[in-house]
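Below are the chains, spelled out letter by letter.
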Amino acid sequence: MGFRTSTHAFNYPAGHPLEKWNAFGEFALGAPPGWGKGGHTHYGHNSTTDVSVIPAQSKHPVLTGVPNNFHAASWLYHVLPHYPVKGSTWLLMGKSVNPDKAAIDNPVAWTWKTAAGGKVFMTTLGHPADFNEEGFQRLVINAVQWTLDRPVQKKWAGKIEMNVPYRD
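Every value quoted in this text rests on a predicted model; they were computed, and no experiment measured them.

Student: Please explain unusual backbone geometry as it appears in this structure.
Tutor: Excluding glycine, a negative phi dihedral is what most residues carry, and trans is how most peptide bonds are arranged. Following L80, the chain continues to P81 via a peptide bond in cis, the omega torsion being 10 degrees. Between Y83 and P84 the backbone carries a cis peptide bond, its omega angle lying at -5 degrees. Residue D149 is not a glycine yet carries a positive backbone phi of 60 degrees. Residue position: D149 is located in the segment after α2 (134-147). For D149, a relative accessible area of 62% gives the class exposed.

Right under this line is the structure:
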């Protein structure tokens, strides 16, 4: 599973023996490869994202009980046109709210299989405030179950109170 900044988890300098890990997002998550050329971009730190279920995927187990539309504090990552990688299944789309430049809708959650056959769930959402959003909470719990090949529960106890302060 990957969240938001895991797409650019590493930033080794050119020539470093571990430089290949700069592309972690690409080979492990089907996401942009990280820092620099071909890496992540977004629509500004003052923007947020309106999220919607992609209708063709509404029956996907990861989307069980996830509202068709919800709002996330995350600023929208620009991953198109090269990501998510070929063979991924897009689950959610995001629309930037208050972007700092011209914005296009981009996928914000998808599934994929790695070259080694590993099951992957990736979301570019994951701002700390997103974890207070019930739709995002349900998405994450469903994704954990799905990734572990466990049944996704149809019943939901309801929003989880996080009680963890976040400061910018």
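Student: I would appreciate a short explanation of α2 in the present structure.
Tutor: Think of an α-helix as 3.6 residues a turn; residues three or four steps apart then line up on the same face. With 14 residues, α2 should cover 20 Å at 1.5 Å per step; its first-to-last C-alpha distance of 20 Å lies within 8% of that length. Where burial is concerned, most of α2 is hidden: ten out of the 14 residues are buried. G135, F136, Q137, R138, L139, V140, N142, A143, W146 and T147 are the residues of α2 that are buried. Those residues of α2 hidden inside the fold are in contact with β1 (2-3), β4 (69-72), β6 (89-97), β7 (106-113) and β8 (119-123). The positive-phi residue at the C-terminal boundary of α2 is D149, with phi of around 60 degrees.

Student: What exactly am I supposed to notice about the pattern of salt bridges here?
Tutor: Pairs can form between side chains of opposite charge whenever their charged atoms are close. Tallied over the full model, the rule gives two salt bridges. In this structure, D100 and K101 form a salt bridge, with 3.1 Å as the shortest nitrogen-oxygen distance. Judged by its relative accessible area of 52%, D100 is exposed. Where K119 meets D149, a salt bridge forms, and the shortest distance between an N and an O atom there is 2.5 Å. Note that K119 is positioned in strand β8 and D149 in the segment after α2, a separation of 30 residues in sequence. Relative accessible area serves as the criterion here: at 26%, K119 is assigned to the partly exposed category.

So, how was this worked out
Residues numbered from 1 in each chain as written. Predicted model: local features only at pLDDT ≥ 70, side-chain atom pairs only at ≥ 80, totals over all residues. Heavy atoms only, no water. Helix = DSSP H or I, 4+ residues; strand = E, 2+ residues; numbered from the N terminus. Buried < 20%, exposed > 50% of the residue type's maximum accessible area, 1.4 Å probe, protein only. Expected span 1.5 Å × (residues − 1). Contact = heavy atoms within 4.5 Å. Salt bridge = Lys/Arg side-chain N within 4 Å of Asp/Glu carboxyl O.

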